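Coordinates in review
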Amino acid sequence: MNKRILVIASGLCLTLGLSACTTNPYTGEQEAGKSGIGAGIGAVLGAGVGMLSSSKHDRGKGALIGAAAGAALGGGAGYYMDVQEAKLRDKMKGTGVSVTRQGDNIVLNMPNNVTFDSNSSTLKPAGANTLTGVAMVLKEYPKTAVNIVGYTDSTGGHDLNMRLSQQRADGVGSALITQGVAGSRVHTSGAGPANPIASNSTAEGKAQNRRVEITLSPMQ
């Protein structure tokens, strides 16, 4: 069993640890940086925990998930978020959801054409499908906090917009929780028309401002 753990972990280290390699200025050869070494150690430990905590039939899957999470944790917060960012970019291809990196934070911008119709807090099927991919990644990396903020354009009264933006954030949060993301990790809030990303003087700008942003941060 130990040999199997090491093989699985080694494969994941090679896959996930390439960005942690550095070049020796004297020999010109690539060497593992500190984050890569930490990721390798974490992968081995995580694989073991994953196998031990899984049923007999799911041990292989448990080892893979445990090794991935362990590698990320072993490599530090930056590395932990790096691997999530890569997976989220892959999952969000073609969905219309943008993925932006801000330091150790990852921001997912979900526009209204993906999430909600105008003046509605009912999540569209496209939005629900997109959140399935987000939830898959979040379940693999349980040490990530999820902060969800809903926004509206400037049309309508302030109270209505604040209530609508909160309902939209809650809708996205509920969808993630329903798909297995721990509720303790999820925080939702509504910001109404605050922090516009485009001009509210045009229909196109208003459409951009009607959005939900999901900010993923490493837990302290």
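For the chain, the name recorded in an unreviewed UniProt entry is OmpA family lipoprotein, with Rouxiella badensis as its organism. What the UniProt record of the chain gives under Subcellular location (unreviewed entry) is the line "Cell outer membrane".

1. Here we look at the packing of aromatic side chains
Scanning the model with the defined rule gives 1 aromatic pair in all. Note on tyrosine 80 and tyrosine 141: the rings are 5.6 Å apart at their centroids and 85° apart in plane angle, and the pair reads as edge-to-face. Here tyrosine 80 is found in helix H4 (residues 77-91), whereas its partner tyrosine 141 is found in the loop between helix H5 (125-140) and strand E5 (144-150), with 61 residues between them in sequence. Across this residue pair, the class does not change: tyrosine 80 and tyrosine 141 are buried. One cation-aromatic arrangement involves arginine 211 over tyrosine 151; the distance from NZ or CZ to the ring centre is 3.9 Å.

2. Examining unusual backbone geometry
At asparagine 119, a residue that is not glycine, the phi angle is positive and equals roughly 60°. The residue asparagine 119 is located in the loop between strand E4 (105-111) and H5 in this model. In this structure, asparagine 195 is a non-glycine residue whose phi angle is positive, near 50°. Counting through the fold element by element, asparagine 195 comes out in the loop between strand E6 (186-190) and helix H7 (203-209).

What counts, and at which threshold
- Residues numbered from 1 in each chain as written.
- Predicted model: local features only at pLDDT ≥ 70, side-chain atom pairs only at ≥ 80, totals over all residues.
- Heavy atoms only, no water.
- UniProt positions renumbered as here; feature names shortened; annotations may be inferred.
- Phe/Tyr/Trp six-rings, centres within 6.5 Å; stacked < 30°, edge-to-face > 60°.
- Helix = DSSP H or I, 4+ residues; strand = E, 2+ residues; numbered from the N terminus.
- Buried < 20%, exposed > 50% of the residue type's maximum accessible area, 1.4 Å probe, protein only.
- Lys NZ or Arg CZ within 6 Å of the ring centre and 35° of its normal.

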